[in-house]
Amino acid sequence: LWWSGGAEAGIAAMVLKVFFPTCCSSAESGILIGRWISEQSSAVVLAVVHFPFIPVQVKQYLSHVQQVTKIKVSVLGSWSNSKREKEESLSKFLEDLGTIFAHEPWIQISKEGDSKFWSCSTLQKESNSSKEEEIILVYYDQRKVMLSQLHPPANTSTDPKADDASKLTAVFDTVANSKILFMTDKYDDGPVKLTHWQSDGVEASIIVELLKQASVPVCLLLTFLLSLTSVVCKSRMLKFWPLSFLWSKLSTCEQLGHRLQHLQIISSSKKAQNQTQLMRKANIFVSLLIDVALGILLMSWLYRKSRIGHLADTLIPVADHIAKELQDLLQWLMGAPAGLKMNRALDQVLGRFFLYHIHLWISYIHLMSPFIEMILWYVGLSACLGLTVALCILSDIIALLTFHIYCFYVYGARLYCLKVYGLSSLWRLFRGKKWNVLRQRVDSCSYDLDQLFIGTLLFTILLFLLPTTALYYLVFTLLRLLVVVVQGLIHLLVDLIDSLPLYSIILRFCRSYRLAGKSFSAAQAEIQGF
Amino acid sequence: MAENQRTGAPLALRRRHHSASCRELAVRAPRLQLRALSTLTSAVWLAAYGLFVLCENSMVLSAAIFITLIGLIVYLHFVKVDQESLLIIGSLGIQVTSSYASGKESTTFIEMSQVKDVVINEAIHMQKIIYYLCILIRDPQDPQGVSEVVPLFQSSKPRLDCLIEVYKSCQEILQQRETAPQSSEIK
């Protein structure tokens, strides 16, 4: 965004700022129309109206624009771009125009031939002419100012002191809201001939226009399909207890529900209210697109050279390997792990129980083995719904394959929990205290002799069995932690793809002026005042 | 004419007086020396050649060339600041521009209503005192307070004599703001 400024020497009383668009610097002579912001003493020039024109028609057009855009657009001054020497009659004519379109102050900008120097002056009728005024001419790129969105800070609506807000927002708002002014180009046959950034033909992209036309029926179709899907999902059939529990545990269903929600946001027929909603919709759309593209890529890679078959073939040996490793681990625990001496009887019981479990699990896997390939093939098709869905399915498969580790963890944890609970209660009995449930505190209590005897006995038994249980608990918790970490990483990746605002990032690199920004550069300009 | 505070390399200060209320001050750092560049490149390539002789893998050589090129591009584009300039337009604002050796320019514009003052601050760094010019940003809640301090000329770090000249130019423009009638306050 380039603004260039230059000013004249003079006693600065009230600095007058004129914002002039770059596209009008080569326009032919005419009058300037725009908005005069008196609080900041600045004039924002939006376009140049060329000769010949009828003043009445110009005024009508301006009042029409004022009605539509709610911005007080008026005639600000005159612009003369003469190829030859300065014509005296032209300058007189331009001054007379000031009387027709009464505006205080009347700004006159003129450029001579090919010289780099412009001259800018003002005519003040009412104020005393002895005061010299300083004029700053700021040269701005209309297209970029119009497209850049200045994001206001979050708390300006409650702040009554509006002069703390940026004064330049008024300039940006003026240009951004005058879209209707920029709709007429020089090929239109209207009463007024304007020059502005679109005067060579309204800038639009065919693809964007086609997409806009096509998006309406597509949105309607999507909304219809989505409503059908949500009706099916919410039907009673899928809400029976075992099934609903299953759906809540599988992360794939959660991810699919999430994506359905996103699709609903995009396909809603209401236009986005403000900038944040528009950016959100755009981000969701880009994220969905990338997701589906990556998913289809993954699918095309997976389905060639019968990789699915290879995958299914390696799955069973991997499960077998895991089971064998677990069996070795349990044998180690049943012996003397790390030199610790376990309680033989409890050790054997627990070890045999877990070994039997593993045996059951392996038989189950072997039972399923002929169907694995087919299941994988059909499940792989769902990768076309998106890479996130494929990753969720992977995470669910890992969860299912390591289900026995989860079971062991639950048994070990429960046993350990019960033991610790029992120990703490009996420890209190040992010291002659009791837990008062009513008062939620520890009270002293006098026990009978036989209660004390049995309590102490049980306490001793539990205490000496503690290391064995604790070791089993530790080992299985660590295994479960490993599985949870792997699943957590996959879910982190899924969340990243879901929530990364790719549209904003791409916009930042390609069209950063859309995300606001302004810069100035001082140029050579000789301005004559009076 | 001026010198860098940290390295003592010579800097050039250029003042352009566009008008009574518009000044541009630019500090230009010395350009990248061919001597330094060639010594560094030769050192890297000699080291790579030595590695190649040791491990007989030609990938080392291509990797060294690649690294040198990428490193040079990254240095020119992100690190080496050629010129830092300050443009003050009274009643509009202050613009701070840094232009890098690769041509990239990054600008920051601060509106005049947000600028409280431009001052030279002292800071104690290790065993010496350094001076830096900074812009004080007004706090919207507290009229006497300062919400932010924006330091200027961070890469070229000119010495006090240069800073004093810049300070004087800035103050001339800022004084006009005080004497001008505050019609923008009338609502």
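- By the naming in an unreviewed UniProt entry, chain B goes by Phosphatidylinositol glycan anchor biosynthesis class H and is assigned to Nothoprocta perdicaria.
- What the UniProt record of chain B gives under Pathway (unreviewed entry) is the line "Glycolipid biosynthesis; glycosylphosphatidylinositol-anchor biosynthesis."
- Taken verbatim from the UniProt record of chain B, the Sequence similarities (unreviewed entry) comment is "Belongs to the PIGH family."

- Under an unreviewed UniProt entry, the name given to chain A is Phosphatidylinositol glycan anchor biosynthesis class Q, and the source organism is Nothoprocta perdicaria.

Notes on the overall build of chain B
Next, step 1: The helix and strand inventory of chain B stands at three helices and nine strands.
Next, step 2: Buried residues in chain B amount to 36% of all 187 residues.
Next, step 3: A separation of at least 24 residues holds for 45% of the contacts in chain B among residues at least 6 apart in sequence.
Next, step 4: For chain B, the accessible area works out to roughly 11,100 Å², and carbon and sulfur atoms hold 60% of it.

Section: the packing of aromatic side chains
Residue and element names in this part refer to chain A.
Next, step 1: According to the stated counting rule, one finds 19 aromatic pairs over all chains in the structure shown.
Next, step 2: Ring centres of Phe-353 and Phe-354 lie 5.6 Å apart, and the angle between their planes is 45 degrees; this geometry places the pair in the tilted category.
Next, step 3: A relative accessible area of 40% means that Phe-353 is categorised as partly exposed.
Next, step 4: Judged by relative accessible area, which is 2%, Phe-354 ranks as buried.

Quick notes on the packing of helix 1 (residues 34–55) of chain B against helix 2 (residues 59–79) of chain B
Any two packed helices are characterised by how steeply their axes cross, that is the angle between the axes, and by the distance between the axes.
Residues and elements named next belong to chain B.
Next, step 1: At a minimum axis separation of 9 Å, helix 1 and helix 2 run at an interaxial angle of 160 degrees. Considering their axes alone, helix 1 and helix 2 lie roughly antiparallel with respect to each other. The element helix 1 and its partner helix 2 pack so that their crossing is right-handed. Seen from helix 1, the contacting residues are Leu-37, Thr-41, Val-44, Trp-45, Ala-48, Tyr-49, Leu-51, Phe-52 and Cys-55; seen from helix 2, they are Val-60, Leu-61, Ala-64, Ile-65, Thr-68 and Leu-72.
Next, step 2: Its residues placed into classes, the contact of helix 1 with helix 2 shows 13 nonpolar, two polar and no charged.

Examining the sheet that holds strand 1 (residues 2–3) of chain B
Note on sheets: strands pair through backbone hydrogen bonds, and any given pair is parallel or antiparallel.
All names here are of chain B.
Next, step 1: On the basis of which strands lie adjacent, the open sheet formed by six strands has the order 1-2-3-4-5-6 and antiparallel pairing. Looking at strand neighbours, the two that pair on one side only are strand 1 and strand 6 (105–111), the edges of this open sheet.
Next, step 2: Sheet strands touched by helix 3 (residues 160–179): strand 1, strand 2 (10–19), strand 3 (22–28) and strand 4 (81–89). Its angle to strand 3, the strand with the most contacts, is close to 165 degrees.

Brief notes about the UniProt feature "transmembrane region" (unreviewed entry) in chain B
Residue and element names in this part refer to chain B.
Next, step 1: Listed under "transmembrane region" (unreviewed entry) in the UniProt record, and renumbered for this structure, are residues 34–54 and 60–79.
Next, step 2: End-to-end, the C-alpha atoms of residues 34–54 are 30 Å apart, and along that stretch the chain is 100% helix and 0% strand.
Next, step 3: For the annotated span residues 60–79, helix accounts for 100% and strand for 0% of the residues, and the straight-line distance between the end C-alpha atoms is 26 Å.

Here we look at the pattern of salt bridges
Oppositely charged side chains are able to pair whenever their charged atoms sit close together.
Next, step 1: Overall, the coordinates contain seven salt bridges over all chains when judged by the stated rule.
Next, step 2: The residue Lys-324 of chain A makes a salt bridge to Asp-328 of chain A at a minimum N-O spacing of 3.6 Å. One end of the pair, Lys-324 of chain A, and the other, Asp-328 of chain A, are both in helix 9 (residues 307–334), four residues apart, so they sit about a helical turn from each other.
Next, step 3: Residue Lys-324 of chain A is classed as partly exposed on the basis of its relative accessible area, which comes to 49%.
Next, step 4: Where Glu-172 of chain B meets Arg-23 of chain B, a salt bridge forms, and the shortest distance between an N and an O atom there is 2.6 Å. You can see Glu-172 of chain B sitting in helix 3 and its partner Arg-23 of chain B sitting in strand 3, a full 149 residues away along the chain.
Next, step 5: According to the relative accessible area criterion, Arg-23 of chain B is buried, its value standing at 8%.
Next, step 6: Taken together, the shared-partner salt bridges in this structure form one network comprising Arg-259, Asp-291 and Asp-498 of chain A.

Here we look at the sheet that holds strand 8 (residues 128–138) of chain B
Residue and element names in this part refer to chain B.
Next, step 1: With antiparallel pairing, three strands are arranged side by side in an open sheet as 7-8-9. Each end of this open sheet is capped by a strand with a single partner; those strands are strand 7 (115–125) and strand 9 (146–151). Across the sheet, the mean angle from the axis of one strand to that of its neighbour is 35 degrees, orientation sign disregarded.
Next, step 2: One ladder, built from five bridges, connects strand 8 with strand 9; its direction is antiparallel. Its bridge partner being in strand 9, Ile-137 is matched across the sheet by Glu-148.
Next, step 3: Those strands touched by helix 3 are strand 7 and strand 8, and its axis lies near 160 degrees from that of strand 7.

Here's the deal with the side chain of Ser-287 of chain A
Next, step 1: Among the structural elements, Ser-287 of chain A can be located in helix 8 (residues 275–302).
Next, step 2: Ser-287 of chain A has contacts with Arg-259, Ile-497 and Asp-498 of chain A, leaving out every residue within four places of it along the chain.

Things to note about unusual backbone geometry
Excluding glycine, a negative phi dihedral is what most residues carry, and trans is how most peptide bonds are arranged.
All names here are of chain A.
Next, step 1: Of note, Gln-440 is a non-glycine position whose phi angle comes to about 55 degrees, a positive value.
Next, step 2: By the element assignment, Gln-440 lies in the loop between strand 10 (433–436) and strand 11 (441–444).
Next, step 3: Given a relative accessible area of 53%, Gln-440 falls into the exposed group.

Let's talk about the UniProt feature "transmembrane region" (unreviewed entry) in chain A
All names here are of chain A.
Next, step 1: The UniProt entry lists residues 214–233, 284–303, 349–368, 375–402, 408–430, 451–475 and 481–506 under the feature "transmembrane region" (unreviewed entry), expressed in the numbering used here.
Next, step 2: Between the end C-alpha atoms of residues 214–233 there is a gap of 29 Å, over a span that is 100% helix and 0% strand.
Next, step 3: In the segment residues 451–475, helix accounts for 100% and strand for 0%; the C-alpha atoms at its two ends are 35 Å apart.

Side note on the packing of helix 7 (residues 251–266) of chain A against helix 13 (residues 449–499) of chain A
Residues and elements named next belong to chain A.
Next, step 1: Contact geometry for helix 7 and helix 13: axes closest at 13 Å, N-to-C directions at 5 degrees. In this view, helix 7 runs roughly parallel relative to helix 13, as classed from their interaxial angle. On helix 13, the residues that touch Ser-251, Gln-255, His-258 and Arg-259 of helix 7 are His-491, Val-494 and Asp-498.

Quick notes on the rules
Residues numbered from 1 in each chain as written. Chains lettered and ligands numbered in written order. Predicted model: local features only at pLDDT ≥ 70, side-chain atom pairs only at ≥ 80, totals over all residues. Heavy atoms only, no water. UniProt positions renumbered as here; feature names shortened; annotations may be inferred. Helix = DSSP H or I, 4+ residues; strand = E, 2+ residues; numbered from the N terminus. Buried < 20%, exposed > 50% of the residue type's maximum accessible area, 1.4 Å probe, protein only. Contact = heavy atoms within 4.5 Å. Areas by Shrake-Rupley, 256 points an atom, 1.4 Å probe, with all protein chains shown as cover. Phe/Tyr/Trp six-rings, centres within 6.5 Å; stacked < 30°, edge-to-face > 60°. Axes fitted to C-alpha atoms, helices over the stretch in contact; angles between N-to-C directions. Parallel < 35°, antiparallel > 145°, perpendicular 65-115°, else oblique. Left-handed = near helix turned anticlockwise from the far one by under 90°. Nonpolar A, V, L, I, M, F, W, Y, C, P; charged D, E, K, R; others polar. Pairing = 2+ DSSP bridges. Salt bridge = Lys/Arg side-chain N within 4 Å of Asp/Glu carboxyl O.

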